[in-house]
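Structural features, examined
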Amino acid sequence: MDLNVTTLDGSSAGTVSLSDAVFGLEPRADLLQRVVRWQLAKKQAGTHKALGRSEVSRTGAKMYRQKGTGRARHHSARAPQFRGGGKAHGPVVRSHGHDLPKKVRALGLKHALSAKLRSEDLIVIDDFVAKEAKTKGLLESFGKLGLTNALLIGGADLDSNFRLAAKNIPNVDILPVQGINVYDILRRGKLVLSKSAVEALEERFK
């Protein structure tokens, strides 16, 4: 499939041929959901922690004698039912990550790219280069292209001026092609690829 290539100024820069094996699939919501769930689970810190009855700083001595008081039988004041006691079945430090086959992850990325092309939210730009690191000038260029909420994927090495200029623009993310992922593609409205990013993706999925 051929797609028009534009410059940052909005002028035409020819066309690029997109591989149907990467950009022409029928998007599957179940695959996208699996990959996004895997990404978000892996991203969770898992550092939440509550003190159990063996960890709270209270005496472990028996509260009062077993018989003769007319009260219920109790042993330690660290028990969860008492004020200052440990938490029953509280959260512990753990990893929330789970395994997902590498083939499923790769297929999920293809389906995310295909979904953007199918919804006409994929734009190819010849190159991400800025003469100076000025956010104002880049905002004007984005205005011509109608980019208010977008993920920009450049080549392996990003132009430092362009990266610094795009850094302060809200709802716009920029990543090198090796950092492309399903979650970031789906969370932004438009996906903007450079020509070098398209070539790298097609080479990756050969």
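Residues numbered from 1 in each chain as written. Predicted model: local features only at pLDDT ≥ 70, side-chain atom pairs only at ≥ 80, totals over all residues. Heavy atoms only, no water.

**Examining helix H7 (residues 195–204)**
For the record, the criterion: Partly exposed describes any residue whose relative accessible area lies between the buried limit of under 20% and the exposed limit of over 50%, with all areas from a 1.4 Å probe on protein chains only and scaled to the type maximum. Numbered from the N terminus, helices here are DSSP runs of H or I no shorter than four residues, and strands are runs of E no shorter than two. What the arc describes is the spread of directions from the helix axis to the C-beta atoms. Note on contacts: a residue pair qualifies if any of its non-hydrogen atoms lie within 4.5 Å across the two residues.
Residues Ala197, Val198 and Leu201 constitute the buried set of H7. Relative to the axis of H7, the buried residues are bounded by an arc of 100° and lie together on one face. The outward face of H7, more than 90 degrees from its buried face, is lined by the exposed residues Glu199 and Glu203. For H7, the elements touching its buried residues are strand S2 (12–17), helix H1 (20–23), helix H3 (102–118), strand S3 (122–125), strand S4 (150–154) and strand S6 (190–194).

**A short note on the sheet that holds strand S1 (residues 2–6)**
So the rule is basically this: Strands are labelled as partners when DSSP assigns at least two bridges between them. Simply put, an axis is a line fit to the C-alpha atoms, just over the touching stretch for a helix, and the angle between two N-to-C directions goes from 0 to 180 degrees.
Taken together, six strands build an open sheet; the order of strands is S2-S1-S3-S6-S4-S5 and the sheet is mixed. Looking at strand neighbours, the two that pair on one side only are S2 and strand S5 (172–176), the edges of this open sheet. Mean inter-strand twist for the sheet, computed between neighbouring axes without regard to direction, equals 30°. Direction of pairing for S3 relative to S6: parallel, over a ladder of four bridges. Paired with Ile125 across the two strands is Ser194, which belongs to S6. Sheet strands touched by H7: S1, S2, S3, S4 and S6. Its angle to S6, the strand with the most contacts, is close to 90°.

**Some thoughts on the environment of Glu120**
Positionally, Glu120 belongs in the loop between H3 and S3. For the pair formed by Glu120 and Leu31, sequence separation is 89 residues and the distance between their alpha carbons is 20 Å.

**Side note on the domain arrangement of the protein**
The cut-off we apply is this: These domain boundaries are the output of an automatic or database domain assignment.
Partitioning the protein into domains gives domain 1 (2–45 + 96–205) and domain 2 (47–93). Once you take the C-alpha centre of each, domain 1 and domain 2 turn out to be 53 Å apart.

**Examining helix H4 (residues 135–145)**
Among the residues of H4, those classed as buried are Leu138, Ser141, Phe142 and Leu145. Axial view of H4: buried residues confined to an arc of 100°, hence all on one face. H4 presents Lys136, Gly143 and Lys144 as exposed residues on the side facing more than 90 degrees away from its buried surface. Turning to H4, the residues buried within the fold contact S1, S3, S4, helix H5 (160–167) and S5. Just downstream of H4 lies Gly146, where phi reads positive at about 75°.

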